Amino acid sequence: MRKDGKKLKDDDLKPIEKEVVVNGSEVPSDSEDGSVESPVVSDDDESFSEGDDSSRNSDSESESGSEHSDFSEDEDGENPSNEGGLSDGVDDLNQGDQSASDDSREVVDESDSSEDEVGPRNTIGDVPLEWYKEEEHIGYDVAGKKIKKKERLDKLDSFLARTDDSNSWRKITDEIEDEEVELTKEETKLIRRLLKGQAPHADFDPHAPYIDWFAWDGAKHPLSNAPEPKRRFIPSKWESKKVVRYIRAIRKGLITFDKPKEEPRFYNLWGDESSSTEKAGHGLSYIPAPKPKLPGHEESYNPSLEYIPTQEEISAYQLMFEEDRPKFIPKRFTSLRSVPAYEKSVRESFDRCLDLYLCPRARKKRINIDPESLKPKLPSRKDLKPYPTTCYLEYKGHKGPVKSLSTDPSGQYIASGSLDGTVRIWEVETGRCIKIWELGEPVHHVAWNPLPELPILAVSMGQDVFILNTGIEKEEHKMIADLLHVETSTAQDDSESMASAVSWSQCERYEGIRIKHFKTVSSVEWHRKGDYFSTVMPADILGCFSIFTLTCFLRESKAVLIHLLSKKLTQRLPFKLHGLPVSSTFHPTRSIFFVSTKKNVRVYDLVKKKFIKKLEAGVREISSISIHPGGDNVIVGSKDGKLCWFDMDLSSKPYKILKSHPKDITNVAFHRTYPLFASCSDDCTAYVFHGMVYSDLNQNPLIVPLEILHGHASANGRGVLDCKFHPRQPWLFTAGADSIIKLFCH
Amino acid sequence: MPKHYRPAGKKKEGNAARYITRSQAVKYLQVSLSVFRRLCIFKGVFPRDPKKKVKGNHHTYYHMKDILFLKHEPLLEKFREMRAYEKKVKKAVSKKNKDLAERLLTRKPTYTLDMLIRERYPKFIDSLRDLDDCLTMVHLFAALPAIERENIQAERIHNCRGLSLEWQAYISRTHKLRKVFISVKGIYYQADVEGQKVTWLTPHALQQVMPQDVDYKIMLTFLEFYETLLGFVNLRLYHSINLKYPPILDPRLKALAADLYALTRYVDAKDQTKGANIEESELRLAQLQHQLPANEPGALMNLVENAADENDEDEETKACKTLFKDMTFFLSREVPRESLLFVITAFGGVVSWEGDGAPFEESNQSINYQIVDRPTQSHRVLPPHLSPFVDNEAEGYVPEYAETIKRLQAAARKEILPMPGAEQDDLENAQNLLVEGIIDRTKAKEAAERKRKMSILQEQYHQELKMEVEGTQYTSLPTTEIKKKIAEDTDDNALQQFAEDDDNMSKVAMSRKKRRLYEAMKISQARKKASVDTLETRKKNIKKSKKTTSE
């Protein structure tokens, strides 16, 4: 078809050329051009198509020629009646239908350009086509001859043709012209634009900048002086109505929106790793949850036989507490298909969930070391010999728990006081009991006078303190007797109110002095010179309050008394105690006095009458105190089994706390010459320590536990009640609640 | 008033300012407890342990920074929005405003957890580190029934199943599986993904027990997070082996509940067509791929083999891949199909099963092994199944069969592979050897113990002798008899006493902190020893009873 068209065009052109020649003189007038062009703008698409055709062809032509072709085509429809008719008739005879129409068009093209009408090229006139629907022809030409309809392809052929031809969609049949027209690309574009309601020409700019031709500058008055109408300030009623209408339509589902495009649920969240270097979290350290425990052999469906508990063990589990009971009881299945569903799987998963969001998390350092490596490196005990290790002797004879021990300064004898009311003196080396006093009341404390030439013994028993003559040293018997003689009136002379409570009296029965106190005396301690001694009356509080209605101050200060044996004098401690006293001691070299209350140890200077320092043990209840022979170190035993070593020069806090005993420490003792100290406790053991104090102040004392001495049996929950070192040898005496005294030697 | 002024008694510093209790936090955030819980679960916020518990011991403490972190979470606003929405719906329904209710129901506010996952796991490796719980939970829910009452919906169960199978398909395709352990609780798997050990538990494929006293809401909240996480992880992993992520599966296989097989098929198929860029629909491909090798099992083997040319595999993966190389398995009906399908393919074997959709029939000639599940086979009992997760040496007790396994492994490494016929004998030999070894060892131990005791006694005796000598030097007393008596008495207890004393004395010299630590360590050691001892006594008893029955 295209070819046809082309040929047709070519045919068209020749006559035009001719015409140009004919009208050559008239053509180049501008006015005529204008008149011709105006219909182009206003014309329908057909005219455009023609124009396009021509422009396509124009490349082979001269400019003027193209102009003319344009020109001629524009007016082609207008003049079917002029000349075409004549030539048409001639052609019609010669050629078929096709050529006839072609010819007619030729004629039309050739028609004069004076008339502007545009009409169909075939000359049927303005007649409805349905009139000839049934006919062979579609109309008549000027000569009254029938113009035959073109041969149409039947449907099948046309379909085939269409499928063969890829350009078939471009083709349309022109009913009036009775021909098929193939649209060019430009034409289709143009149609599309029209369908969209845009301007047909692509180069037409609908939004060209507005050129305001009105000259506003010179205007003195506004164009309109009318006030702004109200409608400019209120929302449009019609608009709102329209909105309402839309809303209703949407609600009723009349208007549906496009569903939002579904995005893929998962995407590459992490991107490339390099970009995700931003800091995680919010400044707090993230503690990852610990991973669940991995299963052991016992969780297998078919574990080794030894993992399966016996029936007795399983029934024993039932007797256990809920918390102790094993969570999982291994079971054995012979085949996998016999394994049932685990009934706790959901439960355990749930528990894990709870753990994950409810359990507080904390980082714990888990050290994986051998526990033995925690033990401190101690110097070899062999190098620290000698020290008491084994029991050599037992001193048997007491009927009750032996409460107190004391060694003779020479180390030949020991005195012991028991709760059975006796005080005995033993020969150390033989274990022979030399002397017995039956005092009748439980003895709390015995103390040898530290002077070797004065073999006298202080014994506290109930509310009394007895000063007894041991009678060991025969020669000085006279002097001792003098010392132990009391004139009855001396005690009463004392003007102090304090002393009135204490009475010195002669005790004929035991050949000694009896000092009666107002309260139970728990301990007696000698001064190093053997003249003074102190007694402590711990609070027998319940009794005290009822009998003497003393103030707190009085009670406390009266609890510790210092007696002067040579003058038979008693004086109270001129200090406030701040607590209940437990025991007291004198400094081994200086005139310093230690009083331990339940919480701390108070140190006084007796000469200057000054409070020196308070040692804070930080233990629950102090039970005993002992001073190093050097005088600068103090050990304190407590009822929670702790032993505190104080270095007085260093601090008022303990240099070291040794938690040695599981039960109360009953007594602590320093050795007078060897670097040894010991503690004994109600757990029936005594510990022996090496406690070396260096003269160099920069060097801390060396404390090494040396030996645990066993042997005593427990009686009434009490174990070892007292321990004392031998004054010369590294031996330790222990007094037990089982009424035995033991000697431990190296 | 100066800015820094703080009224007396209102002091907020230190732990009081840094930590708040849960109820305080709930009040502070102005949310309900359940919303707070959800937020905590999603954000991974957990309580912390302050050094000083200001409000008392029986409170849960959150760090203030954590709470502020929650406060600025956009999800919080979303939850509030949802609450408002629910109120609206409720109101509309109760006012019988059906239109409004319906309209509201179409516009339910939704939220995604994507950014939370990104936030909690800034790197992919982080998410792998935290994947254990996720996988266990998803696998568990894949096995649970849908319960309307507890709001466990069928879609979620299906989703879980899909996700778990996708994960398994990836693991088996890349041969990352390392350890498997069949326990009473289920089957434990351990895989090594990008250097991270990921362990998960799948329950046995049976009807699960659903306890009543479990708050399924909490579990579902966790599950919601885990589903999202696993989805993203799966996508990432699939992309790493050049696969499209939501895999499209052959519906026929899916209908036959052979999802995993379908998935592996998909994975392998994609691998095949990687080079040729055929523009076919995924579904069609899956179907085609299924039809192809179903006729000839050799093709399937090829598929598996072809997958084996990747250079960036470590030694272990290579070993795992070739473990079941050129072996064809057939699963009997009673065998748990899914887990074995997963395991065998993960170690490079070819597997089929009895039932529909199986790649080849039982009659196929290439089958090397048939897997059955029976208690005995011709009077041979199964050996015990031991956990691969236990370090026997550290535990202090080595089960008998573990030694056998070790021996077999050693033998395999030397490549003196036992003949198939002689295998059983060999195994028994190994056991015998093992028993001997154990006896030897115990004997040696006992001997050593005796020796030690002897030496100590000797030492003690020497010491005592020495002391005696010295004692007589100092005190020429007839105490030697007493002493001897004592020595005899203490002879039995002496050793124990000696050790105890030694222990006590070293404890005395320790600082309190160290002492506590030491004691705690001792307790744990004793506990461990007790458990080992019970095992040993049980074993002895079993042996004894065996002997008596045999005699």
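These figures come from a predicted structure and were not determined experimentally. (Residues numbered from 1 in each chain as written. Chains lettered and ligands numbered in written order. Predicted model: local features only at pLDDT ≥ 70, side-chain atom pairs only at ≥ 80, totals over all residues. Heavy atoms only, no water.)

(A) Structural context of the environment of Ala415(A). All names here are of chain A. Its location among the elements puts Ala415 in strand 7 (residues 413-418). On the accessibility criterion, Ala415 (0% relative accessible area) is buried. Spatially, the C-alpha atoms of Ala415 and Val446 are 7.0 Å apart, while their sequence positions differ by 31 residues. Non-local contacts of Ala415, meaning those with residues more than four positions away in its chain, are made with Ser404, Leu405, Ser406, Arg424, Ile425, Val446, Trp448 and Leu457. (Helix = DSSP H or I, 4+ residues; strand = E, 2+ residues; numbered from the N terminus. Buried < 20%, exposed > 50% of the residue type's maximum accessible area, 1.4 Å probe, protein only. Contact = heavy atoms within 4.5 Å.)

(B) Representation of the sheet that holds strand 31 (residues 720-725) of chain A. Residues and elements named next belong to chain A. On the basis of which strands lie adjacent, the open sheet formed by four strands has the order 5-33-32-31 and antiparallel pairing. A single partner strand is all that each edge strand has here, and the edge strands are strand 5 (390-396) and strand 31. The average angle at which neighbouring strand axes cross in this sheet is 20°, direction not considered. (Pairing = 2+ DSSP bridges. Axes fitted to C-alpha atoms, helices over the stretch in contact; angles between N-to-C directions.)

(C) Seen up close, the pairing of strand 6 (residues 402-407) of chain A. Residue and element names in this part refer to chain A. Of all the six residues making up strand 6, five are buried; the element is thus mostly covered by neighbouring parts of the structure. Across five bridges, strand 6 lies against strand 7 in antiparallel orientation. Each residue of the ladder has a partner; that of Ser404, found in strand 7, is Gly417. The loop that links strand 6 with its antiparallel partner strand 7 comprises five residues; one of these, Gly411, has a positive phi angle of about 90°.

(D) Up close: the side chain of Arg361(A). Its location among the elements puts Arg361(A) in the loop between helix 11 (345-358) and strand 5. Within the structure, Arg361(A) has its side chain in polar contact with the backbone oxygen of Ile287(A) (distance 2.7 Å). Only 3.0 Å separates the side chain of Arg361(A) from the backbone oxygen of Leu356(A), close enough to count as a polar contact. Excluding its chain neighbours within four sequence positions, the residues that come into contact with Arg361(A) are Tyr286(A), Ile287(A), Pro288(A), Ala289(A), Leu356(A), Phe46(B), Pro47(B), Arg48(B) and Asp49(B). (Polar contact = N/O pair within 3.5 Å; in protein donor to acceptor, adjacent residues only side chain to side chain.)

(E) Focus on helix 3 (residues 33-43) of chain B. All names here are of chain B. Along helix 3, eight of the eleven residues are buried, which leaves the element largely enclosed by surrounding structure. Among the residues of helix 3, those classed as buried are Val35, Phe36, Arg37, Leu39, Cys40, Ile41, Phe42 and Lys43. Of the residues flanking the end of helix 3, it is Gly44, one or two places downstream, whose phi is positive at about 70°.

(F) Highlighting the packing of aromatic side chains. Considering all chains together, one arrives at 36 aromatic pairs over all chains under this definition. Between Tyr267(A) and Phe232(B), the aromatic rings sit 5.2 Å apart at their centres with planes inclined by 80°, giving edge-to-face as the arrangement. Placement of the pair is Tyr267(A) in the loop between helix 9 (237-252) and helix 10 (311-319) and Phe232(B) in helix 11 (residues 216-240), with the two residues belonging to separate chains. The class of Phe232(B) is buried, set by a relative accessible area of 1%. Joined through ring pairs, the aromatic side chains of Phe266(A), Tyr267(A), Phe232(B), Tyr238(B) and Tyr245(B) make up one cluster. One cation-aromatic arrangement involves Lys185(B) over Phe328(A); the distance from NZ or CZ to the ring centre is 5.4 Å. (Phe/Tyr/Trp six-rings, centres within 6.5 Å; stacked < 30°, edge-to-face > 60°. Lys NZ or Arg CZ within 6 Å of the ring centre and 35° of its normal.)

(G) Representation of the packing of helix 11 of chain A against helix 11 of chain B. Two elements in contact, helix 11 of chain A and helix 11 of chain B, have axes separated by 10 Å at closest approach and are oriented at 75°. Of the possible angle classes, the one that applies to helix 11 of chain A and helix 11 of chain B is roughly perpendicular. Taken together, the residues of helix 11 of chain B that come into contact with helix 11 of chain A (itself represented by Val346(A), Ser349(A), Phe350(A), Cys353(A), Leu354(A), Leu356(A) and Tyr357(A)) are Tyr216(B), Ile218(B), Met219(B), Phe222(B) and Tyr226(B). Residue composition of the contact of helix 11 of chain A with helix 11 of chain B, grouped by class: eleven nonpolar, one polar and no charged. (Parallel < 35°, antiparallel > 145°, perpendicular 65-115°, else oblique. Nonpolar A, V, L, I, M, F, W, Y, C, P; charged D, E, K, R; others polar.)

(H) Spatial organisation of the interface of chain B and chain A. With 113 residues of chain B at the contact, the number on the chain A side is 95 residues. Summed over both partners, the interface of chain B with chain A comes to about 9600 Å²; 63% of that surface belongs to carbon and sulfur atoms. On inspection of chain B and its partner chain A, the count reaches seven salt bridges. A salt bridge links Glu348(A) to Lys185(B); its shortest N-O distance comes to 3.5 Å. A breakdown of the residues in the side of chain B that touches chain A according to their chemical character gives 56 nonpolar, 21 polar and 36 charged. (Buried area = accessible area lost by both parts, 1.4 Å probe. Salt bridge = Lys/Arg side-chain N within 4 Å of Asp/Glu carboxyl O.)

(I) Up close: a positive patch on the surface. On the surface, a cluster of positive charge is made up of Arg248(A), Arg251(A), Lys252(A), Lys88(B) and Arg107(B). The biggest single contributor to the positive patch is helix 9 of chain A, with three residues. Within the secondary structure, Arg251(A) sits in helix 9. The class for Arg251(A) is exposed, based on a relative accessible area of 54%. (Patch = residues over 30% accessible without salt bridge, like charges linked within 9 Å, V, L, I, M, F, W, Y side chains within 5 Å. Areas by Shrake-Rupley, 256 points an atom, 1.4 Å probe, with all protein chains shown as cover. Lys, Arg positive; Asp, Glu negative; His and termini not counted. Charge placed at Lys NZ, Arg CZ, Asp CG, Glu CD.)

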